[in-house]
Amino acid sequence: MTMIKIKDLHKSYQMGSNSLHVLKGINFEVKEGEMVAIMGSSGSGKSTLLNILGILDEADEGEYHLDGTLIKNLNEKIAAQYRNKFLGFVFQSFNLIGYKSALDNVAMPLYYQGVKRNLRMEKAMHYLEKVGLADWATHLPNELSGGQKQRVAIARALASDPKVLLADEPTGALDTKTSYEVMELIQGINDEGKTILVVTHEDDIAHMCKRIVNLKDGVIIDDSPVKQVRANSATYV
Ligand code: ADP
Ligand code: MG
């Protein structure tokens, strides 16, 4: 089953009279259940690509099919519906709401889906348990460590049971040990069948995925399966 299919994707940013050609004809396909790293140095277009895949931005040229649906010229309301239904996001900077508890942060996407309060809280608690933070439900983000914040963000991304999890440098703000713990969690989610794309510029993190797509100056220079390195506690010494 093909989950993501992109064909000849191009994207430029206009700045005054200058144009920066960031994605220069990207082609790839992601099957359901894959765990793919998108690698490349800073400025290579990783976030631009992920934002297009996440329907946060649109390509100038090319086609994008998500779970068989052509994503094109969507108005903001439909785009938001698709994002909510199909996609879960995890960011380097966690993007939690500071004045809401861990539980309420996780429940947010369900609120936007119109899920009733009781069910919302029940589901949110389920996902907090899944990331090992049931005891921290009532805490605010600033009472949590970086790793715990990212776990809350992962629980929030999973709350609406999206088809694809998109993570942009999810370990970028974490120390190595915490990074590996977060990757262990993400691997476990993929083991259960979730399709996951992880943007990273770190080689060790990329090798914790099952396939590495290498971006350079807006083109894919390599796209290969890799033997997944498990991020268990033995990985980090
Ligand atoms: P990466 O995530 O790989 O570091 P990005 O996709 O964020 O790369 O950026 C690719 C290039 O596009 C960079 O040169 C960046 O400065 C530029 N860029 C990104 N977003 C914008 C924007 N909104 N407007 C103008 N230039 C941008
Ligand atoms: Mg980036």
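This one's a predicted model, so the numbers in the text were calculated from it and none came from an experiment.

Describing the site of ligand 1
Taken together, Tyr13, Met15, Leu20, Val22, Ser41, Ser42, Gly43, Ser44, Gly45, Lys46, Ser47 and Thr48 are the residues near ligand 1. Gly43 is positioned with one of its backbone polar atoms (N or O) 2.7 Å from an oxygen atom of ligand 1. Ser47 is positioned with one of its side-chain polar atoms (N or O) 2.9 Å from an oxygen atom of ligand 1. When ligand 1 sits alone it has 560 Å² of accessible area, and the protein chains cover 61% of it. Elements supplying a minimum of two residues to the shell around ligand 1: strand S1 (2–15), strand S2 (18–31) and helix H1 (46–53). The element contributing the most residues to the shell around ligand 1 is H1, with three residues. In the shell around ligand 1, the residues fall into four nonpolar, seven polar and one charged.

Some remarks on a negative patch on the surface
Residues Asp8, Glu58, Asp60, Glu61 and Glu63 make up a contiguous surface patch of negative charge. Secondary-structure assignment places Asp60 in the loop between H1 and strand S4 (61–66). On the accessibility criterion, Asp60 (47% relative accessible area) is partly exposed.

Observations concerning the packing of aromatic side chains
Applying the stated criterion across every chain, the model contains three aromatic pairs. Note on Tyr82 and Phe86: the rings are 5.6 Å apart at their centroids and 85° apart in plane angle, and the pair reads as edge-to-face. Here the residue Tyr82 and the residue Phe86 both occupy positions in helix H2 (residues 76–86), the gap between them amounting to four residues, near one helical turn. For the ring pair Tyr111 and Tyr112, a centre distance of 5.5 Å and an interplane angle of 80° mean the geometry is edge-to-face.

Cut-offs used in this document
- Here the residue numbering is sequential within each chain, running from 1 through the sequence in written order.
- Following the order in which they are written, the chains are lettered starting with A and the ligands numbered starting with 1.
- pLDDT decides what is reported in this predicted model: residues at 70 or higher carry local features, side-chain atom pairs at 80 or more are listed and counted, and totals for whole chains, interfaces and linings draw on all residues regardless.
- In computing side-chain properties, one takes all heavy atoms of the structure into account and sets aside hydrogens as well as water.
- Being near a molecule or strand, for a residue, comes down to having at least one heavy atom within 4 Å of it.
- For the purposes of these results, a polar contact is taken to be a pair of N or O atoms within 3.5 Å, where, inside protein, one atom must be able to donate a hydrogen and its partner to accept one; residues adjacent in sequence count only when each atom of the pair is a side-chain atom.
- Areas reported as accessible are Shrake-Rupley estimates using a 1.4 Å probe. Residue values count occlusion only from the protein chains shown.
- Elements are defined by DSSP. Helices are runs of H or I of four residues or more, strands are runs of E of two residues or more, and each kind is numbered from the N terminus.
- Ten residues, namely Ala, Val, Leu, Ile, Met, Phe, Trp, Tyr, Cys and Pro, are considered nonpolar, four, namely Asp, Glu, Lys and Arg, are considered charged, and the remaining ones, Gly among them, are considered polar.
- Residues qualify for a patch when their relative accessible area is over 30% and they have no salt bridge, like charges being joined within 9 Å and the nonpolar side chains of Val, Leu, Ile, Met, Phe, Trp and Tyr within 5 Å.
- Definition used for salt bridges: Asp or Glu carboxyl oxygen within 4 Å of a side-chain nitrogen of Lys or Arg.
- Note that His is not counted, nor are the chain ends; the positive residues are Lys and Arg, and the negative ones are Asp and Glu.
- Charged side chains are reduced to one point each, which is NZ for Lys, CZ for Arg, CG for Asp and CD for Glu.
- Residue exposure (1.4 Å probe, protein chains only): buried if accessible area is under 20% of the type maximum, exposed if over 50%, otherwise partly exposed.
- Note on ring pairs: Phe, Tyr and Trp rings are taken, using the six-membered ring of Trp, and paired if centres are within 6.5 Å. Classes follow the plane angle, with under 30 degrees stacked, over 60 edge-to-face and the rest tilted.

Shape is all these values report; function is a separate question.
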